[in-house]
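So you can see what is in the structure, the chains are spelled out below.
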Amino acid sequence: MSKDRAGAGLGVERQRQDCVELADRLGWTVMGHHSDNDLSAYSGKPRPGYRALLDDLEQGRADAVVVWHTDRLHRRPVELEQYIDVCDPRGVITQTVKAGPIDLATPSGRMVARMLGSAGRYEVEHMIERQQAAKLQAATAGRWKGGRRPFGYESDGVTIHESEAVEIRRATDDLLAGMSLHAIARDWNERGVTTSTGGPWKPTEVRKLLARPRNAGLMEHRGEVVGSAQWPAIVDESLWQAVRAMVSDKSRRTTTGNARRWLGGGLYLCGVCRAPLRATTAGTGGKGRGFAPAYRCQHGAHVVRRCEPLDEFVEAVTVERLSRLDAADLMREQATVDTSSLQVQRLALQARLDELVDRFAAGEITGSQMERGSKTLRRQLDELDQKLANAAGASALDGVVGEGVAEVWPTLDLSRRRAIIEVLMTVIVHRAPRGRPMGWQPGGTYFDPRAIEITWKAS
């Protein structure tokens, strides 16, 4: 019985009991019981119970079938014909609780069976049509269509589940900061953050979660955003647009990663190809020694370097430079604001522009529609680029130069530290030279600063 609304299989049990009582009245002995609970005879999905029934008939283990109704056996003509092919040459009798006997040995009996099958198929198709219409109406009205509780919201689908919403916001920031989907899934699993059904997270599930329009308070129907929803947003739409653009990038890998946002993701450059390094994980060497957070070139394993010692080195160099007597001179023409929000907005606009081009290529919009839309988006991109250019004239170093930098630095959030690093220097990570670094001790962390090239942007 598919979609047993009574719960716990009680509907199936009632139908089975009705079938047993009918067999007793007919004087038949029940040789076996087959059922496919929650597997519709209409869906076309494999039904193990039904397949086992046919096997019993083909092998001669049974010579009659008792079923609650013919639509419990099949609602697809192809299945009915298969059932007839099995039953007719073997003289198998079919009795139903609700529709009486079905004589498949005669043309009239087969006609009745086919008519009942056609009627059942019509009922299901009509039901599906009504359900789809109701879902479309709910979608266009911005109402929740029901189903499994969405992560980040309560069971009503509208009220925010605050502790889960915090995780979504954090993961959104982490992803935009360069953290991998696998790293986010790993972090949640290690901290006991489960899916709405209590299961562990996989990178693919994290991708679906962070890219869903629901997070931005938008309603989706059949893969398309159809308008605003009745539930509140968890993240800003611009952040969601940026995340959607990022996770739809086929070149982005769901590689393993660490559980926190690292300083240099997207900032440090590969010494071989000058591509940005991404935070992921790498083997620590030797069989069974596990993995550790590491930066890796996004174009391959040109360079791989442990995150923690590299970040500590860069931060130590930064603090030392900001502590010098002439550090105030660095504020002369540097940025005063963190432009990360502007960058996110630009990424979202670029994603919308790319989507517009894809829709034109798919024939969903005309050339004139694409031209009007792209003109508007490009004007907005130009305005953002101008804001970013203007922002380059003030100081991100405000309050973090001179005496006391060593005490202030640990209190800064990651985005502020990244902005300062971006203003001050270019960090290029080369392949490690041969030989151990000076002062290295057996059992200690192997980090060679000789492979790190820092070029100051301001002097």
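The rules we used
- Residues numbered from 1 in each chain as written.
- Predicted model: local features only at pLDDT ≥ 70, side-chain atom pairs only at ≥ 80, totals over all residues.
- Heavy atoms only, no water.
- Helix = DSSP H or I, 4+ residues; strand = E, 2+ residues; numbered from the N terminus.
- Buried < 20%, exposed > 50% of the residue type's maximum accessible area, 1.4 Å probe, protein only.
- Contact = heavy atoms within 4.5 Å.
- Pairing = 2+ DSSP bridges.
- Axes fitted to C-alpha atoms, helices over the stretch in contact; angles between N-to-C directions.
- Patch = residues over 30% accessible without salt bridge, like charges linked within 9 Å, V, L, I, M, F, W, Y side chains within 5 Å.
- Areas by Shrake-Rupley, 256 points an atom, 1.4 Å probe, with all protein chains shown as cover.
- Salt bridge = Lys/Arg side-chain N within 4 Å of Asp/Glu carboxyl O.

Draft legend 1. Focus on the overall build of the protein chain. From N to C terminus, the protein chain includes 13 helices and eleven strands. The 459 residues of the protein chain split such that 40% are buried. Considering only residue pairs separated by 6 or more positions, the protein chain has 62% of its internal contacts joining residues 24 or more positions apart.

Draft legend 2. Structural context of the sheet that holds strand β10 (residues 425–429). Pairing within the open sheet is mixed, and its three strands lie in the order β6-β10-β11. The outermost strands of the open sheet, each flanked by one partner alone, are β6 (269–270) and β11 (452–456). Taken together, the five bridges between β10 and β11 define a ladder with antiparallel strand orientation. Bridging from a neighbouring strand, I428 pairs with E453 of β11. Packing of helix α9 (residues 307–322) onto the sheet brings it into contact with β10 and β11, and relative to β11 it is tilted by some 30°.

Draft legend 3. Up close: a nonpolar patch on the surface. Together, M111, V112 and M115 line one region of the surface with nonpolar side chains, adding up to about 290 Å² of accessible area. Mapped onto the elements, M111 comes out in helix α4 (residues 107–140).

Draft legend 4. Summary view of the sheet that holds strand β3 (residues 100–102). Read across the sheet, three strands follow the order β1-β2-β3 without closing on themselves; strand pairing throughout is mixed. Both outer strands of the open sheet, β1 (64–67) and β3, are each paired with one neighbouring strand and no more. In this sheet, adjacent strand axes meet at a mean angle of 20° when their direction is disregarded. As defined by bridge partners, β1 adjoins strand β2 (residues 93–96) across four bridges and the pair is classed as parallel.

Draft legend 5. Main features of the side chain of Q95. For Q95, the position within the fold is in strand β2. Apart from the residues lying within four places of it in its own chain, the contact partners of Q95 are L22, L26, W28, V65, V66, V67, G100 and P101.

Draft legend 6. Structural detail: helix α6 (residues 181–190). Every buried residue of α6 is listed here: L181, A183, I184, A185, D187 and W188. Buried residues along α6 sit against α5 (162–176), α7 (203–211) and α8 (237–247). A positive backbone phi angle near 80° is found at G192, which sits one or two residues after α6.

Draft legend 7. Structural detail: unusual backbone geometry. Within the chain, R274 stands out as a residue other than glycine whose phi angle is a positive 65°. With respect to the helices and strands, the residue R274 is situated in the loop between β6 and β7 (277–283).

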